[in-house]
Amino acid sequence: AYVGDALVEYHVNLACRGDHALMRRSVELFLQGQGETDGLIRPGAHGLPPGRHPDYSALLLACGAAYVRHSGDATLVTQYLDRWRRLVAGLDRFHVGGGVYTDGGMEPYIDIAQHHGRRGANAPLTGIFAYALGEAAAMFAAAGCADDAATCERFAERARAAMRDRFWDDARGVFADLPDDARPAAQPSVHGNTMAILSGAATPDQTARLTRWLL
C-alpha cells in the first residue's frame, strides 16, 4: 500500500465498485505509521521509513480529503485529529520561505519526473504541497475544524502564490521546474504544469497557455 497509489486507486474503486471501507482502512494504516518526532508518513505502509517521500506525506492529506468528500464520513478526521495536525506541522518544515517547498534533504518521489531530478526547491513539489494543503483545508472544514482549515488554506495560498511568482516563465508560457533565480537552466515538466492547474495556482490565462504546451 502506497499513499500516491491509494489516491488514484480510490477513485478507480469508486467508479467500478463504490467502496469506501478499503480507503478508510488504508489511510488509518498510513496514519498509524506516522513518525513520532517529525509527524511524517511512511510512503508505503509496509516498512519504508517515515518521510522517505515527503510528497507522499503531503498526498495523504489529499487521500483523507477524497475519502471525506465522497463518503461523507468526517470521523476519519476527528478520530485522528492529533495525527492530522502533526502531519501538517511536519510538512511545514519543507517550506523554505515565500511559499516555495524543497526536498529537505529527503527523497521526493514525483513519479517518473524528468529535468529537475526531484532535488531542491522545484515546481512539482511546491505544486503538490499547494494541492495537498488545499485539499486538507476542505477536509478540515468538512469536519468542523475551522482553525485547522484556515491554517491549511493559508499555507496552500502561500504555495500557489509562489508558483505564480517564482516558477512562471511568461516568455515560454509555462511553469519552469526551478525557481526564477535558477534560470535559464530550468526546464518545464508535465508534473509542474499539471500540479499548477490542480492546485489552483495557475490563472485562467496561464492555464490556457500551458495547456497548449502540455498537449
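Residues numbered from 1 in each chain as written. Predicted model: local features only at pLDDT ≥ 70, side-chain atom pairs only at ≥ 80, totals over all residues. Heavy atoms only, no water.

Re the nonpolar core
In summary, soluble globular proteins display a tendency toward joint burial of nonpolar side chains.
Thinking step 1. Counting 52 residues, the largest nonpolar core has Leu-60, Leu-61, Trp-84 and Phe-140 as the members making the most contacts within it.
Thinking step 2. Counting only elements with at least two residues in this core, the list comes to helix H1 (3-16), helix H2 (21-32), helix H3 (54-71), helix H4 (75-78), helix H5 (81-91), helix H6 (123-142) and helix H7 (146-167).
Thinking step 3. Ignoring sequence-local partners within four residues, the contact set of Phe-140 consists of Val-77, Leu-81, Trp-84, Val-88, Cys-145, Asp-148, Ala-149 and Cys-152.
Thinking step 4. Ranked by size, the runner-up nonpolar core spans eleven residues in total, among them Ala-162, Ala-196, Ala-201 and Ala-202. (Core = buried A, V, L, I, M, F, W, Y, C linked by side-chain atoms within 4.5 Å. Buried < 20%, exposed > 50% of the residue type's maximum accessible area, 1.4 Å probe, protein only. Helix = DSSP H or I, 4+ residues; strand = E, 2+ residues; numbered from the N terminus. Contact = heavy atoms within 4.5 Å.)

A few points about the side chain of Asp-148
Thinking step 1. Locating Asp-148 in the fold gives a position in helix H7.
Thinking step 2. Residue class for Asp-148 comes out buried when judged on its relative accessible area of 14%.

Side note on the packing of H5 against H6
Thinking step 1. Orientation of H5 relative to H6, taken along the N-to-C sense of each, is 155 degrees, at an axis distance of 12 Å. Looking at the two axes, H5 sits roughly antiparallel to H6. When the axes of H5 and H6 are compared, the crossing they make is left-handed. Facing Leu-81, Trp-84, Val-88 and Leu-91 of H5, the residues of H6 in contact are Phe-129, Met-139 and Phe-140. (Axes fitted to C-alpha atoms, helices over the stretch in contact; angles between N-to-C directions. Parallel < 35°, antiparallel > 145°, perpendicular 65-115°, else oblique. Left-handed = near helix turned anticlockwise from the far one by under 90°.)

A closer look at the packing of H1 against H2
Thinking step 1. Where H1 contacts H2, the axes come no closer than 10 Å and their chain directions differ by 170 degrees. Taken together, the axes of H1 and H2 are roughly antiparallel relative to one another. Together, Val-3, Ala-6, Leu-7, Tyr-10 and Asn-13 of H1 and Leu-22, Met-23 and Phe-30 of H2 make up the contact between the two elements.
Thinking step 2. Classifying every residue of the contact of H1 with H2 gives seven nonpolar, one polar and no charged. (Nonpolar A, V, L, I, M, F, W, Y, C, P; charged D, E, K, R; others polar.)

Observations regarding the packing of aromatic side chains
Thinking step 1. One pass over the full model with this rule turns up four aromatic pairs.
Thinking step 2. Relative to Phe-175, the ring of Trp-168 has its centre 4.8 Å away and its plane inclined at 65 degrees; by these criteria the two rings are edge-to-face. For the pair shown, Trp-168 and Phe-175 are each scored as buried.
Thinking step 3. An aromatic cluster is present here, built from Phe-94, Tyr-101 and Phe-129 joined pairwise through their rings.
Thinking step 4. Positioned above the aromatic ring of Phe-94 is the side chain of Arg-93, whose terminal nitrogen or guanidinium carbon lies 5.0 Å from the ring centre. (Phe/Tyr/Trp six-rings, centres within 6.5 Å; stacked < 30°, edge-to-face > 60°. Lys NZ or Arg CZ within 6 Å of the ring centre and 35° of its normal.)

Describing the layout of surface pockets
Thinking step 1. Taken as a whole, the largest pocket spans an internal volume of roughly 520 Å³.
Thinking step 2. Considering the residues around the largest pocket, the lining is formed by 20 residues, among which Gly-4, Val-8, Tyr-56, Leu-59 and Asp-111 are closest to the centre.
Thinking step 3. Elements represented by at least two residues in the lining of the largest pocket include exactly H1, H3, H6 and helix H8 (190-198).
Thinking step 4. Top element by residues in the lining of the largest pocket is H1. It accounts for five residues.
Thinking step 5. Here the residues of the lining of the largest pocket sort into twelve nonpolar, five polar and three charged.
Thinking step 6. Approximately 160 Å³ is the volume attributed to the second largest pocket.
Thinking step 7. Mapped onto the lining of the second largest pocket, the elements with two or more residues apiece are H1 and H2.
Thinking step 8. The element best represented in the lining of the second largest pocket is H1, accounting for five residues.
Thinking step 9. The residue inventory of the lining of the second largest pocket, partitioned by class, reads seven nonpolar, two polar and two charged. (1 Å grid on protein atoms, 1.4 Å probe; cavity = no way out; pocket = protein on both sides within 12 Å on 5 of 7 lines; lining within 4 Å. Points joined across faces, edges and corners; volume = space filled by probe spheres on them.)

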